[in-house]
Amino acid sequence: MLASQFVNRGRNRWEYPREGRMQVPVRLYLPDHWLETVDDESIQQLLDAAELAGTTEVFGLPDIHSGYGLPIGGVLATEAPLGVISAGAVGMDINCGVRLLRSNMVVSELNKESLRTILGTIEQRIPAGIGKDTIHKELQGKIAKNVVEQGVQALSELDMLWDFDLPRIEDQGCFPGGSLDAVSKKAKERFNQLGTIGGGNHFIELQEVVEVHDTKAADVFGLFLGQLVVMLHSGSRGFGQQVCTDYSRLMLEAQKKYGLEIGNKGLAAVPLFSEEGQRYWQAMAAAANYAYANRQVMTYDIRTSIEQVMGKSAKELGLSLVFDVAHNLARMEEHEGKELIVHRKGSIRALPPEHQSNPDIYRKTGHPVFVPGSMGTSSYVLTGLPSNKETLHSINHGAGRIMSRTQARKGISSKQLKDSMKGIVSSKHALKSLDEAPAAYKDIDAVIETLVEIGFTRHVAKLRPIGVIKG
DNA sequence: ATGTAC
């Protein structure tokens, strides 16, 4: 058990001392009783990452579980100009992320029938599940170049974007440097999924604000007790997956000439400031913009669906964006005078109040971040705090698996899943996703508490699911 | 995560 090699470094903090070719120690942020539940594979992935050239930080957050190359719930930082970028450490689903839409509606004043109709209407417009293409034929062909270069702005000519949305998206919905030239033909052929939710843990949920812990911040975010909100979790679909696959393979070859071979293929990496590194960055940015645009198109479809059912305009209904946060992305960031390449995989950047990189509208509070639990359990709205500097302003992105998908399909019964979804309007797909059952995940309340306890994040509001669409 | 496979 590799977990037993960790030394306690204070509350919820663990460290695996540097050894062999490791450049730095590896850290874990977990309560005592969860340390032994971390599988060797996840830990080995962190130890491997510590061997990469230029690595300055490697750590796992409370939702850590093994992934491709780097674990999900993992952060890897390397120092420029010599540090590396790894496609696998960003993840297959580039710029997978979560956005939250608010409303002026109060859940207790809505009847169950309209909630059902809203969900049904959204389901008709937004294809769910693996391999599904968009219903928006206008989003193919020429517009692809604009989408990967400009992100959500490319959608304004189609009236799918409100001016009000822009400051409410990380990077204002445009990760600079995206280029279609850096993307393979195969990836371009998979462009036609803009406006689709995908599979796995992706979802659209109608939720109710059931607790407000920070009324000041909630007010700035436009949230109040009893309110109906819509949460959306999706990424760059087949397009991003193809970019990751292409570049991971390319990096595996190219790393040899830079003398960067390590055992873990999923962590194949090249110097960021090499020809290959720069090309990946352009492709990653293209996929990041695709993902922002994907969530924007779905926002348009959600607004249209709710308008249709409620008989009022989306603006009258107050269906504005709270924020949109990425949780699979690499960024160039300055930390204590160093230029770092920060890979966050299943991890969110949560900037503290007053941090300069916050959007102006959220400068005083720190921008909101969203941490969904598993299907059928609560989600959280949080903000960063100054002491999360230690994690380069990163927090976990979800609850984290305790059972693999295969284990869950074998060990969880259909009845058990249905019982855990009692009282929640659920799509057919949702009730079939045994591998997404709450029992396959850690308890989200306890996961959130891990970082709240050590002052890395602040609790703003808690959201309860009332309707779920899954892929 | 993913037209779940070199």
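Here the structure is shown first, and the text comes after it.
Since the model is a prediction, treat every value here as computed from it, not as a measurement.

(A) Examining the overall build of chain A more closely. Each helix and strand counted, chain A has 13 helices and 19 strands in total. Whereas a compact globule of 471 residues would reach a radius of gyration of roughly 23 Å, chain A reaches 21 Å, a difference of no more than 12%. Oriented by its inertia axes, the alpha-carbon framework of chain A measures out at about 65 × 50 × 45 Å. The 471 residues of chain A split such that 62% are buried. For chain A, the proportion of contacts with a sequence separation of at least 24, taken over those separated by at least 6, is 76%. Accessible area for chain A stands at about 17800 Å²; split by element, carbon and sulfur atoms hold 49% of it. The centroid of the 53 positive side-chain charges in chain A is displaced by 4 Å from the centroid of its 55 negative side-chain charges.

(B) Expanded view of the environment of Tyr-362. Locating Tyr-362 in the fold gives a position in the loop between strand 14 (347-349) and strand 15 (369-372). For Tyr-362, a relative accessible area of 2% translates into the label buried. In sequence terms Tyr-362 and Pro-352 are ten residues apart; their C-alpha atoms lie 10.0 Å from each other. For Tyr-362, the residues in contact, after removing those within four places along its chain, are Arg-168, Val-220, Phe-221, Val-322, Phe-323, His-367 and Pro-368.

(C) Just the protein's contact with DNA strand B, in detail. Around DNA strand B sit 16 residues in total, of which Arg-190, Gly-200, Asn-201, Arg-237 and Arg-405 are the nearest. Within 4 Å of the protein, the atoms of DNA strand B are drawn from sugar and phosphate moieties in a proportion of 69%. Between a phosphate oxygen of DNA strand B and a main-chain N or O atom of Gly-131, the distance comes to 3.4 Å. In this structure, Gln-193 approaches DNA strand B through a side-chain N or O atom, which is 3.1 Å from a phosphate oxygen. For the surface near DNA strand B, the leading source of residues is helix 8 (residues 237-254), giving four residues. For the surface near DNA strand B, a count of residues per class yields two nonpolar, ten polar and four charged.

(D) A look at the pairing of strand 4 (residues 55-65). The buried fraction of strand 4 is high, at ten of eleven residues. Here strand 3 (residues 26-29) runs beside strand 4; their pairing, made up of two bridges, is parallel. The residue bridging Arg-27 from the neighbouring strand is Phe-59, located in strand 4. Here six bridges tie strand 4 to strand 5 (residues 72-79), and the two strands are oriented antiparallel to one another. The residue bridging Phe-59 from the neighbouring strand is Val-75, located in strand 5. Here strand 4 folds back onto strand 5 in antiparallel fashion, the turn holding six residues, of which Gly-69 has a positive phi close to 85 degrees.

(E) Focus on the packing of helix 4 (residues 112-125) against helix 9 (residues 275-310). Two elements in contact, helix 4 and helix 9, have axes whose closest approach is 9 Å; the angle formed by their N-to-C orientations is 140 degrees. By the angle between their axes, helix 4 is oblique relative to helix 9. Judged by the sense of rotation from one axis to the other, the crossing of helix 4 with helix 9 is right-handed. On helix 9, the residues that touch Ser-114, Thr-117, Ile-118, Thr-121, Ile-122 and Arg-125 of helix 4 are Asp-301, Ile-302, Thr-304, Ser-305, Ile-306, Gln-308, Val-309 and Met-310. Of the residues assigned to the contact of helix 4 with helix 9, the class counts are six nonpolar, six polar and two charged.

(F) Layout of the sheet that holds strand 1 (residues 7-8). With respect to topology, seven strands assemble into an open sheet ordered 1-2-3-4-5-13-12, the strand pairing being mixed. In this open sheet, the two edge strands, each paired with only one partner strand, are strand 1 and strand 12 (328-335). Here strand 5 pairs with strand 13 (residues 338-345) via six bridges, running antiparallel. Counterpart to Val-75 in the pairing with strand 13 is Arg-344. Lying over the sheet, helix 2 (residues 40-49) contacts strand 2 (13-16), strand 3, strand 4 and strand 5, oriented at roughly 165 degrees with respect to strand 4.

(G) Seen up close, the packing of aromatic side chains. Under the defined criterion, the tally for this structure stands at ten aromatic pairs. Between Tyr-247 and Tyr-280, the ring centres sit 5.5 Å apart and the planes meet at 65 degrees, which makes this aromatic pair edge-to-face. One end of the pair, Tyr-247, is in helix 8; the other, Tyr-280, is in helix 9, with 33 residues separating them in the sequence. You'll find Tyr-247 and Tyr-280 in the same group, each marked buried. A connected cluster of aromatic rings, assembled from ring pairs, spans Tyr-29, Phe-59 and Phe-456. A cation over an aromatic ring shows up here: Arg-303 above the ring of Trp-162, its NZ or CZ 3.5 Å from the ring centre. Above the ring of Trp-162, the side-chain terminus of Lys-315 is found at 4.9 Å from the ring centroid.

(H) Summary view of the nonpolar core. Within the largest apolar cluster, 75 residues are counted, with the highest numbers of intra-cluster contacts made by Ile-85, Ile-204, Phe-239, Tyr-280, Met-284 and Ile-302. If you tally residues by element for this core, the top one is helix 9, at 15 residues. The residues touching Ile-302, leaving out its near neighbours within four places in the chain, are Leu-101, Ile-122, Ile-126, Ile-204, Val-230 and Leu-232. By size, the runner-up hydrophobic cluster in this structure holds 52 residues, among which are Leu-61, Ala-218, Phe-221 and Ala-430.

(I) A look at the packing of helix 8 against helix 9. Two elements in contact, helix 8 and helix 9, have axes separated by 9 Å at closest approach and are oriented at 170 degrees. Compared by their axis directions, helix 8 and helix 9 come out roughly antiparallel. Seen from above, helix 8 lies across helix 9 with left-handed handedness. Contacts between helix 8 and helix 9 involve Arg-237, Phe-239, Gly-240, Val-243, Tyr-247, Leu-250, Met-251 and Ala-254 from the former and Glu-276, Arg-279, Tyr-280, Ala-283, Met-284, Ala-286, Ala-287, Tyr-290 and Asn-294 from the latter. Among the residues forming the contact of helix 8 with helix 9, the class breakdown is twelve nonpolar, two polar and three charged.

The rules behind the values
Residues numbered from 1 in each chain as written. Chains lettered and ligands numbered in written order. Predicted model: local features only at pLDDT ≥ 70, side-chain atom pairs only at ≥ 80, totals over all residues. Heavy atoms only, no water. Helix = DSSP H or I, 4+ residues; strand = E, 2+ residues; numbered from the N terminus. Rg over C-alpha atoms; globule rule 2.2 N^0.38 Å. Buried < 20%, exposed > 50% of the residue type's maximum accessible area, 1.4 Å probe, protein only. Contact = heavy atoms within 4.5 Å. Areas by Shrake-Rupley, 256 points an atom, 1.4 Å probe, with all protein chains shown as cover. Lys, Arg positive; Asp, Glu negative; His and termini not counted. Charge placed at Lys NZ, Arg CZ, Asp CG, Glu CD. Near = heavy atom within 4 Å. Polar contact = N/O pair within 3.5 Å; in protein donor to acceptor, adjacent residues only side chain to side chain. Nonpolar A, V, L, I, M, F, W, Y, C, P; charged D, E, K, R; others polar. Pairing = 2+ DSSP bridges. Axes fitted to C-alpha atoms, helices over the stretch in contact; angles between N-to-C directions. Parallel < 35°, antiparallel > 145°, perpendicular 65-115°, else oblique. Left-handed = near helix turned anticlockwise from the far one by under 90°. Phe/Tyr/Trp six-rings, centres within 6.5 Å; stacked < 30°, edge-to-face > 60°. Lys NZ or Arg CZ within 6 Å of the ring centre and 35° of its normal. Core = buried A, V, L, I, M, F, W, Y, C linked by side-chain atoms within 4.5 Å.

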